[in-house]
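# Coordinate analysis (summary)
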Number of protein chains: 2
Amino acid sequence: MEIFSKTCEYAIKAVLYLYTKQDRFAKIGIPEIAREIKSPVSFTAKILQKLSQRGLIRSAKGPGGGFYIGRKRKSIFILDIVNAIDGKESLNTCALGLKNCSSSRPCPMHFEILDCRKAIRNLLGSQSIEELSKKILSNEVYLVN
Amino acid sequence: MEIFSKTCEYAIKAVLYLYTKQDRFAKIGIPEIAREIKSPVSFTAKILQKLSQRGLIRSAKGPGGGFYIGRKRKSIFILDIVNAIDGKESLNTCALGLKNCSSSRPCPMHFEILDCRKAIRNLLGSQSIEELSKKILSNEVYLVN
DNA sequence: TCAATAAAGGACTTTATTGTCTTTTATTAA
DNA sequence: TTAATAAAAGACAATAAAGTCCTTTATTGA
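Residues numbered from 1 in each chain as written. Chains lettered and ligands numbered in written order. Predicted model: local features only at pLDDT ≥ 70, side-chain atom pairs only at ≥ 80, totals over all residues. Heavy atoms only, no water.

For the rest of this paragraph, the subject is the overall build of chain A. Helix and strand content of chain A: 6 helices and 2 strands. Counting the 145 residues in chain A, one finds 48% classified as buried. Of the contacts made within chain A by residues no fewer than 6 positions apart, 65% connect residues no fewer than 24 positions apart. Taken as a whole, chain A presents about 7,100 Å² of accessible surface, with 52% of it coming from carbon and sulfur. Of the charged side chains in chain A, 24 are positive and 13 negative; the average position of the first set lies 7 Å away from that of the second. (Helix = DSSP H or I, 4+ residues; strand = E, 2+ residues; numbered from the N terminus. Buried < 20%, exposed > 50% of the residue type's maximum accessible area, 1.4 Å probe, protein only. Contact = heavy atoms within 4.5 Å. Areas by Shrake-Rupley, 256 points an atom, 1.4 Å probe, with all protein chains shown as cover. Lys, Arg positive; Asp, Glu negative; His and termini not counted. Charge placed at Lys NZ, Arg CZ, Asp CG, Glu CD.)

Turning our eyes to something else, we now look at the relation of the copies chain A and chain B. Overlaying chain A on chain B yields an RMSD of 0.0 Å, the required transformation being a rotation through 180° with an accompanying axial translation of 0.0 Å. Expressed as a symmetry operation, the mapping of one chain copy onto the other fits a two-fold axis. (Least-squares fit on C-alpha atoms with pLDDT ≥ 70 in both.)

Residues and elements named next belong to chain B. Applying the stated rule across the entire model yields 6 salt bridges over all chains. The salt bridge involving Lys21 is made with Glu32; its shortest N-O contact spans 3.4 Å. Of this pair, Lys21 sits in the loop between helix 1 (6-19) and helix 2 (30-37) while Glu32 sits in helix 2; the two residues are 11 residues apart in sequence, bridging distant segments of the chain. Note on Glu32: relative accessible area 24%, which makes it partly exposed. (Salt bridge = Lys/Arg side-chain N within 4 Å of Asp/Glu carboxyl O.)

Attention shifts here to the protein's contact with DNA strand D. Residues in contact with DNA strand D amount to 27 residues; listed here are only the nearest, Lys46(A), Gln53(A), Ser59(A), Pro40(B) and Pro63(B). Counting only atoms of DNA strand D within 4 Å of the protein, the fraction found in sugar and phosphate groups is 62%. Contact between DNA strand D and Ile30(A): a phosphate oxygen at 3.3 Å from a main-chain N or O atom of the residue. Between Lys46(A) and DNA strand D, the recorded distance is 2.5 Å, taken from a side-chain N or O atom to a base oxygen. Elements represented by at least two residues in the surface near DNA strand D include exactly helix 3 (41-53), strand 1 (58-60) and strand 2 (66-68) of chain A together with helix 1 and helix 3 (41-53) of chain B. Among the elements that take part in the surface near DNA strand D, helix 3 of chain A stands out by supplying 4 residues, more than any other. Partitioning the surface near DNA strand D into residue classes produces 9 nonpolar, 13 polar and 5 charged. (Near = heavy atom within 4 Å. Polar contact = N/O pair within 3.5 Å; in protein donor to acceptor, adjacent residues only side chain to side chain. Nonpolar A, V, L, I, M, F, W, Y, C, P; charged D, E, K, R; others polar.)

What follows is about the protein's contact with DNA strand C. As a structural note, the neighbourhood of DNA strand C is formed by 27 residues, with Pro40(A), Pro63(A), Lys46(B), Gln53(B) and Ser59(B) the closest of them. Take Gln53(B): an N or O atom from its side chain is 2.9 Å from a phosphate oxygen of DNA strand C. Among the elements of the structure, helix 1 (6-19) and helix 3 of chain A together with helix 3, strand 1 (58-60) and strand 2 (66-68) of chain B are those that each provide at least two residues to the surface near DNA strand C. The element best represented in the surface near DNA strand C is helix 3 of chain B, accounting for 4 residues.

With that settled, the discussion passes to the interface of chain A and chain B. How big an interface is tends to be expressed through the accessible area that disappears when the partners come together. Taken together, the 45 residues of chain A in the interface contact 45 residues of chain B. Roughly 4,000 Å² of surface becomes buried between chain A and chain B when both sides are summed, with 64% attributable to carbon and sulfur atoms. Counting the contacts that link chain A with chain B gives 11 residue pairs in polar contact (both at pLDDT 80 or more). Within the residue set of the side of chain A that touches chain B, elements represented by two or more residues are helix 1, helix 4 (78-86), helix 5 (110-126) and helix 6 (129-137) of chain A. For the side of chain A that touches chain B, the element with the highest residue contribution is helix 5 of chain A, accounting for 7 residues. Tallied by class, residues from the side of chain A that touches chain B come to 28 nonpolar, 6 polar and 11 charged. (Buried area = accessible area lost by both parts, 1.4 Å probe.)

Before going further, it helps to spend a moment on helix 1 of chain A. All names here are of chain A. Relative to the 20 Å expected for 14 residues at 1.5 Å per residue, helix 1 spans 20 Å between its end C-alpha atoms, a close match to the ideal helical length. Most of helix 1 is tucked away, with 12 of its 14 residues classed as buried. Taken together, the buried positions of helix 1 are Cys8, Glu9, Tyr10, Ala11, Ile12, Lys13, Ala14, Val15, Leu16, Tyr17, Leu18 and Tyr19. Looking at the buried side of helix 1, the elements it contacts are helix 2 (30-37), helix 3, strand 2, helix 4 and helix 6. (Expected span 1.5 Å × (residues − 1).)

Within the secondary structure, Gln127(B) is located in the loop between helix 5 (110-126) and helix 6 (129-137). Apart from the residues lying within four places of it in its own chain, the contact partners of Gln127(B) are Pro108(A), Met109(A), Glu112(A), Ile76(B), Phe77(B), Ile78(B) and Leu132(B).

So, about the packing of aromatic side chains. All names here are of chain A. The full count for this structure, using the stated rule, is 4 aromatic pairs over all chains. With a centroid separation of 5.9 Å and an interplanar angle of 90°, the aromatic rings of Tyr10 and Phe43 are classed as edge-to-face. Separated by 33 residues along the polypeptide, Tyr10 in helix 1 and Phe43 in helix 3 bring together distant segments of the chain. Overall, Tyr10 belongs to the buried group, its relative accessible area being 12%. A ring pair is formed by Phe25 and Tyr68, whose centres lie 5.9 Å apart and whose planes are at 35°; its orientation type is tilted. (Phe/Tyr/Trp six-rings, centres within 6.5 Å; stacked < 30°, edge-to-face > 60°.)

Dropping the structure here:
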């Protein structure tokens with residue numbers, strides 16, 4: 001019943017942390033990110049790498065390098081990170097594990113879970129990283145405790 | 001983003017299958033249950049054992065033995081099975097993994113996830129095994145495909 | 001009482017997830 | 001052009017979840 005995998009948790013927190021930086025081109029290194037979101041350094045490196053490959057963040061090698069947001073583009077939402085890490089299918093698999101669960105041959109929970117998933121998708125799709133990072137900066141919410 | 005663990009999936013399906021039996025005292029063996037819900041036999045045995053220990057179903061050893069529902073009591077809901085298998089905490093852990101996430105020191109998704117979880121809890125708490133098993137018997141929904 | 005049956009219980013294996021470590025590649029600045 | 005730096009990449013290790021197998025215990029009916 002965990003909402004996100006550990007990988008996804010760290011990914012969300014890492015991206016949020018990057019967005020709390022006022023300068024979208026400020027390069028932040030893995031050690032700092034891992035320290036600030038309290039995540040394992042090497043594992044975080046892998047996740048940042050994937051986020052970068054998926055185009056959600058950018059990276060620069062060499063001295064002064066690190067990860068950064070890059071130029072302003074359309075908003076990023078929590079859902080985008082989840083999709084990038086866990087894949088889009090993860091929000092559509094049958095809750096009872098049926099291979100071919102569908103509205104025409106539904107599992108006992110099909111329609112209810114459908115509604116539920118829709119609600120989750122709406123929620124995650126409405127949570128913009130920009131807004132959340134502002135709340136972090138104003139100490140309304142916290143990335144660690 | 002899986003709603004249930006595999007253990008929980010099988011547990012729900014096993015209990016649903018038992019409820020499709022008109023006779024609440026008809027003893028059903030592990031092989032039949034596993035076959036009918038398409039689950040691994042030995043693993044299913046463990047799960048049925050746990051469900052029995054938790055008092056959600058009953059069991060009888062020896063010839064003619066098996067698992068059964070037992071006497072009518074207050075309705076069982078999907079939520080009861082989830083709680084019995086995954087524990088009640090599983091619906092309350094912080095989505096971003098913060099140890100002490102709370103309304104006074106919330107993670108960036110705290111309140112939104114709270115609403116979401118409430119919706120899920122309501123849903124799972126409103127799905128009664130009796131009603132779902134009736135839908136299975138009338139071929140409105142299916143346990144396997 | 002005894003043999004057969006079926007769940008209970010425990011040790012074990014497999015697989016997926018999480019996490020670590022080391023080497024390579026790209027970049028920077030001296 | 002070279003030394004230092006930092007991410008990329010890939011192999012490896014630890015842990016947890018899923019699944020198997022074997023022995024024990026309880027029950028039944030002959």
